[in-house]
Amino acid sequence: MTAREPSRLVPRLRFPEFECQRGWPLTTLGAVLDEHGLKSDGTSDVHSVSLAKGIVPQVEHMGRSFAASDTGHYSLVRPFDVVYTRSPLAMFKLGIVKQHRRDYNAIVSPLYGVFAPKNRHVGLLVEAFFESPARAFRYLDPLAQKGAKNTIQLSNERFLSGSLYLPEDEDEQQKVAECLGSLDELIAAEGRKLEALRRHKRGLMQELFPQAGEPRPRLRFPKFSDPWEGTTLGKQCDSISSGKDKSDPDGQFDLYGSTGVIGKTHHATFTDTALLVARVGANAGFLTKAEGEFGVTDNTLVINLKDRDNVDFFLYYLENFGLNKMIYGSGQPLITGGQLKALTLWVPEKKERERIAGCLSVLGASIAGQSRKVDALKRHKQGLLQQLFPRLEGEGQ
């Protein structure tokens, strides 16, 4: 009696040197990952597992450590180890899987599963497999059990018991992993440029606008020396009021909610250019700029400035101020139009306002361009993953 030949699938895109080989075999995750069970070495730092950044120092990721005072029972993560978290995160309802890409040991919460890959290239392929929310759910859902309060119960043993298609030739594993790894490095490099631009803009705004309790900024463009005048946001506006428009899928105008366009509406209550402020809920204080003809929902405040040429200046001014610091209410966070009208501001003469707004708009355009570049690279990677991994039954084209 001979052993049954494993199921095989051929990926849609394959490197030429492997095109004549058999398809990738169906194998259990436990055949390529091993739970080593090592605990803290006493010297390594606590790390978080992030959807966007992977396995990163907790202090770097969250600004401080949330670890227990005694981390001796935390799990040790060695370079190239694979970590599975059971915590729901965004579209990943049953947790995420990441490989430790840094060349030093780390420790993570004992609630996470930590596994040594058969080789580092397989570890990267496993991470890539779980990057698709649909594919991750398809793998994890049959293995998981839901506990009280929707907690996820999935032991490390059951996590390893599922099956997936992976290349068996180590040269092919390396080739695919290096291709994806180089793309990851490019995305990370462009992401760092994006974050540097955002930091530069935040720093510049802090210099170009007055700090709390100060009547003038610390940095001014040459030829501008007149004092800034004290006023209130209310005096700069025709009105500050909440929207009342309703969603209508058949409407022809954009409908703005607390974080931007959320759909269509039949009525365009507002025209021209206005600033929108989320007034209630977790997004309270979030700023948006709207132009043209549009509607606004009742969870959003509309700031109609007297001089529409000043919209960008006040957008950056309020962005630097941070309207979320005005939130009150222990239950539902809230910002009112009355609070905004009473907000004290210091403003320069029109030419200086235009110069400040123009400078920050150029920087904003650079940030938007870099953001589109990063998004395009991420979409390219997702498309590549669909080609490099075999398509499973029921998956889209």
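All chains use their own residue numbering, which begins from 1 and follows the written sequence. The predicted origin of the model limits local features to residues at a pLDDT of at least 70 and limits the giving and counting of side-chain atom pairs to 80 or more, whereas totals for whole chains, interfaces and linings rest on all residues. Based on all heavy atoms of the structure, the side-chain values leave hydrogens and waters out of the count.

Chemist: Explanation requested: the pairing of strand β22 (residues 344-347) in the structure shown.
Modeler: Residues of β22 alternate between two faces, with Leu 345 and Val 347 buried on one and Thr 344 and Trp 346 left unburied on the opposite face. Relative to β22, strand β14 (residues 229-232) runs antiparallel, the two sharing 4 bridges. Paired with Gly 230 across the bridge in β22 is Trp 346. The classification of residues rests on relative accessible area computed with a 1.4 Å probe and restricted to protein chains. Under 20% of the type maximum is buried, over 50% is exposed, and intermediate values are partly exposed. The secondary structure listing takes helices from DSSP runs of H or I that are at least 4 residues long and strands from runs of E that are at least 2 residues long, numbered from the N terminus. A strand pair is defined by DSSP finding two or more bridges across the two strands.

Chemist: Looking at this structure, how should I read the layout of surface pockets?
Modeler: Gaps left between atoms are located by rolling a probe of water-molecule size over the structure's atoms. Cavity: a set of points on a 1 Å grid over the protein atoms alone where a 1.4 Å probe fits but cannot get out. Pocket: an open set with protein on both sides within 12 Å along at least five of seven lines, its lining residues, like those of a cavity, having an atom within 4 Å of a point. Grid points are joined across faces, edges and corners, and a volume is the space filled by probe spheres set on the points. Volume-wise, the largest pocket comes out at about 1,600 Å³. Around the largest pocket, the lining is made up of 44 residues, and of these Ala 52, Lys 53, Gly 54, Asp 184 and Ala 188 lie nearest the centre. Listed by contribution, the elements that provide at least two residues to the lining of the largest pocket are β5 (54-57), β8 (97-99), α2 (120-129), α5 (170-208) and α8 (350-388). Residue contributions to the lining of the largest pocket peak at 14 residues, all from α5. For the lining of the largest pocket, the residue count by class is 18 nonpolar, 7 polar and 19 charged. Amino acids outside the nonpolar list (Ala, Val, Leu, Ile, Met, Phe, Trp, Tyr, Cys, Pro) and the charged list (Asp, Glu, Lys, Arg) are all regarded as polar, and Gly is one of them.

Chemist: Before we go on, may I ask you to explain the packing of aromatic side chains in this structure?
Modeler: Geometrically, a pair of aromatic rings is defined through the distance of the ring centres and the angle of the planes. Any pair of Phe, Tyr and Trp rings, taking the six-membered ring for Trp, is counted once the centres come within 6.5 Å. Such a pair is stacked with planes under 30 degrees apart, edge-to-face with planes over 60 apart, and tilted for the rest. Evaluation of the coordinates by the stated rule reveals 16 aromatic pairs. When the ring of Phe 129 is compared with that of Phe 130, the centres are 5.1 Å apart and the planes differ by 80°; the resulting orientation is edge-to-face. With respect to burial, Phe 129 and Phe 130 carry one shared label: buried. Chaining the aromatic ring pairs together yields one cluster made of Trp 24, Tyr 84, Phe 115, Phe 129, Phe 130, Tyr 139, Phe 159 and Phe 389. Here, a charge over a ring is recorded when the distance from Lys NZ or Arg CZ to the ring centre is within 6 Å and its angle to the ring normal is within 35 degrees. The cationic tip of Lys 175 hangs over the ring face of Phe 15; the distance from NZ or CZ to the ring centre is 5.7 Å. Positioned above the aromatic ring of Phe 321, the side-chain terminus of Lys 325 is 4.5 Å from the ring centre.

Chemist: Mind showing me how you'd approach unusual backbone geometry here?
Modeler: Excluding glycine, residues mostly carry a negative phi; peptide bonds, for their part, are mostly trans. One non-glycine residue, Phe 80, adopts positive backbone phi at about 80°. Looking at the element boundaries, Phe 80 is found in the loop between β6 (75-77) and β7 (82-84). With relative accessibility at 33%, the residue Phe 80 sits in the partly exposed group. At Ala 90, a position not held by glycine, the phi torsion is positive, near 50°. Of note, Ala 90 is situated in the loop between β7 and β8. What makes Ala 90 exposed here is its relative accessible area of 68%.

Chemist: In this structure, what is going on with the environment of Phe 224? I would like to understand it.
Modeler: Counting through the fold element by element, Phe 224 comes out in the loop between α5 and β14. With 32 residues separating them in the primary sequence, Phe 224 and Arg 192 have C-alpha atoms 34 Å apart. Dropping the residues within four chain positions of it, Phe 224 is found in contact with Glu 349, Lys 351, Glu 352 and Arg 355. The contact criterion used throughout is that any non-hydrogen atoms of two residues lie within 4.5 Å.

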